[in-house]
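Each chain is listed here by its residues.
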Amino acid sequence: MSELNDLYQETILEHNKNPRNFREIEGADKQAVGNNPLCGDALRVFVRMDGDTVDDVAFKGSGCAISKASASMMTQTLKGKTREEAEAMFHEFQDMVTGKLDVETDENHLGKLKIFSGVLEFPARVKCASLSWHTLNAALSGEDEVSTE
Amino acid sequence: MSDWDVEKIRKDFPVLSQTVNGKPLVYLDNAASSQVPQSVIDRTSKYLAEEHSNIHRGVHYLSQHATTAYEAAREKVKRFINAPDVNCCIFVRGTTEGINLVAHSYGKGFIGEGDEILVSQLEHHSNIIPWQVTAEERGAKLRMIPINDRGEIMIEEYDKLLNERTKIVAVSHVSNSLGTVNPIKEMIATAHKLGVPVCVDAAQSVPHFPVDVQDLDADFYVFSGHKMFGPTGSGVMYGKREWLDKMPPYQTGGSQIRTVSFEKTTYAPLPAKFEAGTPAIAAGIGLGAAIDYLNSIDFAAAAAHEHDLLEYATARLADIPGIKITGTAAEKASVLSFTIENVHPHDIGTILDQQGIAVRAGHHCAQPVMQFFDVPATARASFAFYNTREEVDKLADAVQKVIEVFA
Ligand SMILES: Cc1ncc(COP(=O)(O)O)c(C=O)c1O
């Protein structure tokens, strides 16, 4: 079960149980829905900007432990970041879960989010981990809907 | 199950003897696709190694040989489902293609403005969307036959929905998401009182029990080879001649014509009319071999063994606190769909996979069923006659482990 423990680490299980910022944002200036057609999961990401800075970010929806924990930790990380920083993190995260970025050797700003590098061993779950980030990216770019397929 | 030697049967399926993630494979995803016995692999390889050529075209030795083998497979299909006429067994790529064929060609021939198409709430997307498209194209209305809390079609509602505008009923013999066995013989009889034909999605029935399309009086009966121990790319659309003769072709092109000029084409007789282009010859011959295999075992004992597994698994899982079984119809085959409180089915699927256990986690291409039960997805174990009670025990233990991880 060693690989499994890489995936379902304590932190991920805890965020799954108690997702942070699991709420709507009244009057959010940006929001988008992300669909994972493979499993029918959907989540909505809300963003409120203060100028160029992410003032508040939250999410609602249904999903597996990986997608929920990923969304939860994403919202924690993004508050206070500029739009540019948020987009850069989206790309780093995406590169990590698709194996293009090695969190041990390549420079990155992922911090706690490195925990999701474990999904590399579980190709079927990569989209679960990246759903919230794709949704965030869509929201920031002014699209209202995105799909992982 | 003394009259079913499962260990002996397992030896016929080479895939089953491997290990996955360091554990012996426990293959419980048979409803998605079943495994293939050595005899089917051998027959398909022999064809590719020794007999391959295009069919129905060459006068040369190999072409004749391939044609004979392919047509022999069709004859096996006919006997397997007791079709009245071998030429009414149309080879298709699978259930999806077969239903698209019926929806398109029957729709074009017989469905018009204001007509109605009845589809049950239990259906796989491939028995919903083609009808949706046909309804839209023909200006017809798609109406849904509802299910009850056990996942059974509400027959009283079906009777009420049928009317003189109904042009076809599309219903599965066995539901892939819940395992419900639908009373299709009765449903067909009711529809026929109004002269309405019935298209049966048989993807999940033919692998599990003997079928007689004449006894059922089915107008169309459609299934996939890869769910009945045959290769992918093989499948059958059986249709009554009275409909097939009057329906326009689905795809058009080579092999399905009588004469062609730029002014007019006349079509070949059945089955060629519905089989444009070079078919999946190896797959079709492999399907024939799968039928030979099913004829070589005691299919009734196999069905009894599967039923025992389903009941045993249902009892084992029902015993675990926090588990909910979705689909509790009185008549079920092969499928056990379940959810665990506060655990997403995908997480169940991944953790089971680490134990070497293959199940399906998702909406099973039946989102209306998921919506009805108000779940985004379920985990689904589906059994074949080569599964064992020990495998069910492993499933139950692994499910217990999932609950511990998420406790
Ligand atoms: C009930 C049912 N209908 C249709 C299909 C579609 O079959 P295929 O993918 O082989 O075309 C399936 C299989 O997924 C099924 O279970």
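All values derive from a computational prediction rather than experimental measurement.

Conventions used here
Residues numbered from 1 in each chain as written. Chains lettered and ligands numbered in written order. Predicted model: local features only at pLDDT ≥ 70, side-chain atom pairs only at ≥ 80, totals over all residues. Heavy atoms only, no water. Contact = heavy atoms within 4.5 Å. Salt bridge = Lys/Arg side-chain N within 4 Å of Asp/Glu carboxyl O. Polar contact = N/O pair within 3.5 Å; in protein donor to acceptor, adjacent residues only side chain to side chain. Helix = DSSP H or I, 4+ residues; strand = E, 2+ residues; numbered from the N terminus. Nonpolar A, V, L, I, M, F, W, Y, C, P; charged D, E, K, R; others polar. Pairing = 2+ DSSP bridges. Axes fitted to C-alpha atoms, helices over the stretch in contact; angles between N-to-C directions. Near = heavy atom within 4 Å. Areas by Shrake-Rupley, 256 points an atom, 1.4 Å probe, with all protein chains shown as cover.

**Student:** Lay out the interface of chain A and chain B with the relevant residues and their values.
**Tutor:** Contacts between the two partners involve 21 residues from chain A and, on the opposite side, 15 residues from chain B. Connecting chain A to chain B are one salt bridge. In this structure, Asp347(B) engages Arg125(A) in a salt bridge whose closest nitrogen and oxygen atoms are separated by 2.9 Å. At the boundary of chain A and chain B, one finds six residue pairs in polar contact (both at pLDDT 80 or more). For the side of chain A that touches chain B, the elements supplying multiple residues, two or more each, are helix H1 (2-7), helix H2 (10-17) and helix H3 (65-78) of chain A. Of the residues in the side of chain A that touches chain B, the class split is 13 nonpolar, four polar and four charged.

**Student:** Now, about the sheet that holds strand E4 (residues 145-147) of chain A: what can you tell me, with residues and values included?
**Tutor:** Residue and element names in this part refer to chain A. Taken in spatial order, the four strands of this open sheet run E3-E2-E1-E4, and their pairing is mixed. The open sheet is flanked by strand E3 (53-62) and E4, the only strands paired with a single partner. Strand-to-strand twist of the sheet, defined as the mean angle between neighbouring strand axes without regard to direction, takes the value 20°. Two elements, strand E2 (residues 41-50) and E3, share nine bridges in a ladder whose sense is antiparallel. Within E3, the position partnered with Asp50 by the bridge is Thr53. Sheet strands touched by H3: E2 and E3. Its angle to E3, the strand with the most contacts, is close to 165°.

**Student:** Just give me the short version of the site of the ligand, but keep the residues and values in it.
**Tutor:** Residue and element names in this part refer to chain B. Neighbouring residues of the ligand: Gly94, Thr95, Thr96, His124, Ser126, Asn176, Asp201, Ala203, Gln204, Ser224, His226 and Lys227. The contact in question runs from an oxygen atom of the ligand to an N or O atom on the side chain of Thr96, over 2.5 Å. Within the side chain of Gln204, one N or O atom sits 2.6 Å away from an oxygen atom of the ligand. Look at the ligand: alone it shows 390 Å² of surface, and the protein chains cover 85% of it. A breakdown of the residues in the shell around the ligand according to their chemical character gives one nonpolar, nine polar and two charged.

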